[in-house]
Amino acid sequence: MSNYAIILAAGKGTRMKSDLPKVLHKVAGITMLEHVFRSVSAIEPVKNVTVIGHKAELVQEVLEGQSDFVLQSEQLGTGHAVMMAEPVLGDLQGHTLVIAGDTPLITGESLANLIQFHISHKNVATILTAEAVNPFGYGRVVRNKHNEVTKIVEQKDASDFEQQIKEINTGTYVFDNKRLFEALKNINTNNAQGEYYLTDVIGIFREAGEKVGAYILKDYDESLGVNDRVALATAEAVMRRRINEKHMVNGVSFVNPEATYIDIDVEIGAEAVLEANVVLKGQTTIGERTVLTNGTRVVNSTIAEDVVISNSDIEDATIAAGVTVGPYAHIRPGSSLAEQVHIGNFVEVKSSTIGKGTKAGHLTYLGNAEVGEAVNFGAGTILANYDGQNKFTTTIGNDVFVGSNSTIVAPLTIGDNAVLAAGSTLTQDVPTDAIAIARGRQENKEGYATRFPYHPKNK
Ligand code: UD1
Ligand code: MG
């Protein structure tokens with residue numbers, strides 16, 4: 001029999017106090033909805049239906065092309081949300097996983113176990129549950145004296161006795177598909193929140209004498225339903241621990257894993273070392289043996305092996321093997337550093353290609369440049385690439401020596417082996433092998449210093 005999946009993602013998430021629909025809040029760099037979708041893929045559903053409503057277009061964009069969508073134009077409760085999927089799934093034979101879009105920590109492995117459990121117990125409905133230390137806010141799983149599940153009761157509807165129950169509903173279930181949609185016809189809004197509760201179908205099945213079960217999660221952490229930003233931060237912390245442990249198992253060293261922040265899709269080679277307060281975001285790859293010191297932040301960048309980046313910011317850049325960057329450097333979008341490049345302190349590189357072995361050690365700005373190999377930039381070099389309206393390119397050959405405090409006004413081309421005198425402001429091209437000097441000539445006025453009242457002779 002086939003598997004189907006319904007992801008509930010129509011709610012606003014009032015308790016988040018946010019303009020963004022709740023399921024679009026991110027954990028470790030991707031939305032909660034994508035986390036749920038990735039886990040769901042472990043059961044290989046032949047059809048995946050996402051229920052959207054509040055800011056539907058925004059939510060749909062995230063899973064566009066990967067899921068079917070049904071609209072719940074008014075959010076009348078989780079049961080009502082599932083009903084919206086009936087036109088797509090109602091006639092099909094199979095097992096349907098229903099999962100809330102706000103439970104980003106549930107793993108694919110647990111979902112696969114849940115569905116196996118459901119099938120082997122021949123249940124009509126199986127609830128994924130967990131034993132909570134503090135069950136407040138969750139639906140409670142009510143069992144009879146034979147330990148059989150009889151119903152789920154929501155926090156706001158629970159009696160004092162029921163509130164003592166520690167077993168919670170995670171908001172994830174597997175149902176016999178056809179029986180699910182039949183049972184939904186019998187739910188109503190007679191409850192504390194005046195909503196159609198999906199959870200009510202459990203009691204309906206039981207009363208009809210059908211087999212209902214619960215699969216208890218081994219790891220309670222997975223059950224977290226994110227309803228507010230406190231839970232969002234908890235989800236982030238749990239996910240961070242999982243991600244960092246995966247990398248440690250793969251041979252990456254962390255000086256302080258609690259304070260190292262790595263998005264879920266980042267890849268890191270073995271023997272890399274990450275110091276505290278390193279942040280790796282988006283589609284980032286870090287090569288083997290590369291060292292990132294404290295405070296380094298890398299976004300959507302590819303960094304090769306044996307690189308050292310000290311306390312620097314890298315974004316949308318490519319960095320080749322053996323490069324050293326920082327401390328306090330800023331490598332901005334569109335930059336590519338070839339092997340053995342050295343970018344030192346207070347250097348900014350933007351939209352520039354820097355050739356092998358080139359060095360810019362101090363206080364330099366390289367923007368919109370094509371720089372050759374083994375160039376040396378003296379301290380305080382500025383590529384003046386902007387006239388207030390347009391950006392212009394500077395092209396620099398191989399083995400060029402740029403004296404300190406030079407300003408190169410683009411567009412400009414500097415030939416191989418050229419030498420630029422310190423303090424020059426260059427506005428013309430420099431040919432290969434030339435020396436360019438573009439500064440006022442020095443004049444020494446002998447003895448003039450003695451005229452100043454503060455000269456030692458006059459004191
Ligand atoms: C729900 C369960 C509760 C469970 C908890 C687990 C019900 C009635 N309660 O409560 O037993 O312990 O999840 O986290 O199901 N949604 C819609 N349309 C709606 C309402 C909600 O699509 O009309 C979506 C939301 O976007 C969300 C999910 O359903 O992704 C769950 O809704 P939420 O309001 O968070 O339910 P809880 O109060 O957490
Ligand atoms: Mg919830």
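Residues numbered from 1 in each chain as written. Chains lettered and ligands numbered in written order. Predicted model: local features only at pLDDT ≥ 70, side-chain atom pairs only at ≥ 80, totals over all residues. Heavy atoms only, no water.

(A) Up close: the UniProt feature "active site" (unreviewed entry) in the protein chain. Mapped onto this numbering, the UniProt entry annotates "active site" (unreviewed entry) at H362. Following the sequence through the fold, H362 ends up in strand β29 (residues 359-367). Relative accessible area serves as the criterion here: at 41%, H362 is assigned to the partly exposed category. Contact partners of H362, with chain neighbours within four places excluded, come to N345, F346, V347, G378, A379 and G380. (UniProt positions renumbered as here; feature names shortened; annotations may be inferred. Helix = DSSP H or I, 4+ residues; strand = E, 2+ residues; numbered from the N terminus. Buried < 20%, exposed > 50% of the residue type's maximum accessible area, 1.4 Å probe, protein only. Contact = heavy atoms within 4.5 Å.)

(B) Local environment of the packing of aromatic side chains. Going through the model one piece at a time under the given rule, you end up with five aromatic pairs. Here Y173 and F175 contribute two aromatic rings whose centre-to-centre distance is 5.4 Å and whose plane-to-plane angle is 25 degrees, an arrangement assigned as stacked. Like F175, Y173 is buried. Arranged with centres 6.3 Å apart and planes meeting at 45 degrees, the rings of F175 and F205 form a pair that is tilted. Here F175, found in strand β10 (residues 167-176), pairs with F205, found in helix α8 (residues 200-207); they are 30 residues apart in sequence, far enough to count as distant. Residues F175 and F205 agree in their burial class; the two are buried. Above the face of the Y386 ring, K391 is positioned so that its terminal group lies 4.7 Å from the ring centre. Above the ring of Y448, the side-chain terminus of R451 is found at 3.9 Å from the ring centroid. (Phe/Tyr/Trp six-rings, centres within 6.5 Å; stacked < 30°, edge-to-face > 60°. Lys NZ or Arg CZ within 6 Å of the ring centre and 35° of its normal.)

(C) Spatial organisation of a nonpolar patch on the surface. Together, Y328, F346 and L363 make up a nonpolar patch on the protein surface, roughly 340 Å² of accessible area in all. Mapped onto the elements, Y328 comes out in the loop between β24 (324-325) and β25 (330-331). (Patch = residues over 30% accessible without salt bridge, like charges linked within 9 Å, V, L, I, M, F, W, Y side chains within 5 Å. Areas by Shrake-Rupley, 256 points an atom, 1.4 Å probe, with all protein chains shown as cover. Salt bridge = Lys/Arg side-chain N within 4 Å of Asp/Glu carboxyl O.)

(D) Seen up close, α8. Here α8 has its buried residues at V201, I202, G203, I204 and F205. In this structure, the buried side of α8 is in contact with β7 (125-131), β9 (149-153), β10, α7 (177-184) and β11 (212-216).

(E) Examining the sheet that holds strand β17 (residues 285-286) more closely. Across the sheet, nine strands lie side by side as β14-β17-β20-β23-β26-β28-β30-β33-β36; this open sheet has parallel pairing. Only two strands of the sheet have a single partner each, and these edge strands are β14 (267-268) and β36 (412-414). When β17 meets strand β20 (residues 302-303), the two strands line up parallel, connected through two bridges. For I286, the partnering residue across the bridge sits in β20 and is I303. (Pairing = 2+ DSSP bridges.)

(F) Region of interest: the site of ligand 1. If you check the shell around ligand 1, you find 26 residues, and the closest are Q72, G77, T78, E154 and N169. Take G11: an N or O atom from its main chain is 2.9 Å from an oxygen atom of ligand 1. In this structure, D102 approaches ligand 1 through a side-chain N or O atom, which is 3.0 Å from an oxygen atom. Residue assignment for the shell around ligand 1 shows that the elements contributing at least two residues are β1 (2-9), α3 (78-83) and β10. Per element, the largest residue contribution to the shell around ligand 1 is three residues, and it comes from β10. (Near = heavy atom within 4 Å. Polar contact = N/O pair within 3.5 Å; in protein donor to acceptor, adjacent residues only side chain to side chain.)

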